[in-house]
Amino acid sequence: MSEKKDAKKSPNKTGGPVVPTGPTAGENRSRNKDGKWRAKRSDAGKTRK
């Protein structure tokens, strides 16, 4: 398993934006089909009801 990347570091040093939390924490954010970085989920950080 690869080592987790630090989300506080610049995307320039990590090869792209790093996911800070969730099941893919420490990995680079995935891309959409058009090549743009996938946005965070709109419900990220909100408590469940």
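Here, the structure is the one placed above.
Note that the structure is a prediction, hence the values are computed from the model and not measured.

### Re the overall build of the protein chain
- Looking only at helices and strands, the protein chain features 1 helix and 0 strands.
- C-alpha extents for the protein chain along the principal axes are approximately 35 × 25 × 20 Å.
- Per-residue burial for the protein chain yields a buried fraction of 14% across its 49 residues.
- Restricting the contact set of the protein chain to residue pairs at least 6 apart, pairs at least 24 apart contribute 0%.
- Summed over its atoms, the accessible surface of the protein chain is roughly 4,700 Å², and 49% of this surface lies on carbon and sulfur atoms.
- Within the protein chain, one finds 15 positive and 5 negative side-chain charges whose respective centroids are separated by 5 Å.

### Observations concerning the side chain of Thr 14
- Within the secondary structure, Thr 14 is located in helix 1 (residues 11-14).
- Judged by relative accessible area, which is 11%, Thr 14 ranks as buried.
- If we skip the residues at most four places from it in the chain, Thr 14 touches Lys 5, Asp 6, Lys 9 and Asn 28.

Thresholds, definitions, all that
- Residues numbered from 1 in each chain as written.
- Predicted model: local features only at pLDDT ≥ 70, side-chain atom pairs only at ≥ 80, totals over all residues.
- Heavy atoms only, no water.
- Helix = DSSP H or I, 4+ residues; strand = E, 2+ residues; numbered from the N terminus.
- Buried < 20%, exposed > 50% of the residue type's maximum accessible area, 1.4 Å probe, protein only.
- Contact = heavy atoms within 4.5 Å.
- Areas by Shrake-Rupley, 256 points an atom, 1.4 Å probe, with all protein chains shown as cover.
- Lys, Arg positive; Asp, Glu negative; His and termini not counted.
- Charge placed at Lys NZ, Arg CZ, Asp CG, Glu CD.

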